[in-house]
Amino acid sequence: MQIIKLSFMTIVRAAAGAFLMANILATPLRADEVKAGDLVITQAWSRATPGGAKTGGGYLTIENKGSAPDRLIGSSADVAGKVELHEMSMKGGVMTMRPLDKGLTIEPGKTVKLAPGGLHLMMEDLKSPLKQGDKVPVTLEFEKAGKVQVTLDVQGVGTQGPAGAGKMDMKKMPSDMKM
Ligand SMILES: [Cu+2]
């Protein structure tokens, strides 16, 4: 009986350990992480649009874990008439935006970040304003990975980064774990 009891306890401990381990491993694999082929897309977010604005930015991080480059060649969203890939830069002291007609290459082993002030998705002809807390589905199209659906998490007006970045992760954990 003693042996059976011991092995039962071992199983319980192992199970508890596995459960703990699964929780630790699950933390970075949040619901907003999207995998497509060799690509991992995280931190897809947007900003609330102030009254009447017809355009909104889309930001996200794309990591290429494969051994060949892939290219973001198009995107669309139900909420917008069209979605373009833009690059923002300073030219002679003036902030300019231009569409990347040839798409955006993500080299193998590299991570490309779309963020305010740089590369971004430009949602044009918005059908309704983006409000904080909205979840906006956007379809990205890659040369190799194909079509990938991501969800932009809409933050407040003027926010510079996605919720849950850095320190905020800990605060966000309980709500994530309910899912
Ligand atoms: Cu733009």
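In this text the structure is predicted, and so the values were computed from the model without any measurement.

Scoring rules and cut-offs
Residues numbered from 1 in each chain as written. Predicted model: local features only at pLDDT ≥ 70, side-chain atom pairs only at ≥ 80, totals over all residues. Heavy atoms only, no water. Helix = DSSP H or I, 4+ residues; strand = E, 2+ residues; numbered from the N terminus. Buried < 20%, exposed > 50% of the residue type's maximum accessible area, 1.4 Å probe, protein only. Contact = heavy atoms within 4.5 Å. Areas by Shrake-Rupley, 256 points an atom, 1.4 Å probe, with all protein chains shown as cover. Pairing = 2+ DSSP bridges. Donors = N, O, S within 2.8 Å, 3.2 Å for Na, K, Ca; no water. Tetrahedral: all angles 85-135°; square planar, octahedral: opposite > 155°, others 65-115°.

A. Representation of the overall build of the chain within the structure. Summing up its helical and strand segments, the chain has two helices and eleven strands in all. Counting every position in the chain, which comprises 179 residues, the buried fraction comes to 32%. Intrachain contacts of the chain at a sequence separation of at least 6 include 66% that bridge at least 24 residues. As displayed, the chain offers around 11,000 Å² of accessible surface, 60% of which is attributable to carbon and sulfur atoms.

B. The arrangement of the pairing of strand β4 (residues 70–77) in detail. Pairing of β4 with strand β7 (residues 104–106), which is carried by three bridges, proceeds in the antiparallel orientation. Across the sheet, residue Asp 70 finds its bridge partner in β7, namely Ile 106. Relative to strand β10 (residues 135–142), β4 runs antiparallel, the two being bridged by five bridges. The partner of Ala 77 across the bridge, within β10, is Val 138.

C. Broad picture of unusual backbone geometry. Positive phi is not limited to glycine here, since Gln 43 has a value of about 50°. Within the secondary structure layout, Gln 43 lies in strand β2 (residues 39–47). Owing to a relative accessible area of 27%, Gln 43 belongs among the partly exposed residues under this scheme. Positive phi, normally seen in glycine, also occurs at Asp 125, with a value near 55°. Among the secondary structure elements, Asp 125 is positioned in strand β9 (residues 119–126).

D. Quick look at the coordination of the copper ion. Listed as protein donors to the copper ion are His 86 (ND1), Met 97 (SD), His 120 (NE2) and Met 122 (SD); their distances from the metal cover 2.1 to 2.2 Å. Taken together, the four donor atoms coordinating the copper ion and their angles of 91 to 122° define a geometry best described as tetrahedral. The sequence pattern describing where the donors of the copper ion fall on their chain is H-x10-M-x22-H-x1-M. Of the two residues, Met 97 sits in strand β6 (residues 94–99) while Met 122 sits in strand β9, which places them 25 residues apart along the sequence. Judged by relative accessible area, Met 97 falls into the partly exposed class, the value being 40%. Judged by its relative accessible area of 10%, Met 122 falls in the buried class.

E. The pairing of β9, seen in detail. In terms of burial, β9 is a largely internal element, seven of the eight residues being buried. Looking at chain direction, strand β3 (residues 56–64) and β9 are connected through three bridges and run antiparallel. Bridge pairing in β9 links Gly 57 to Met 122. Relative to β9, strand β5 (residues 80–91) runs antiparallel, the two being bridged by seven bridges. What sits directly across from Lys 82, in β9, is Glu 124.

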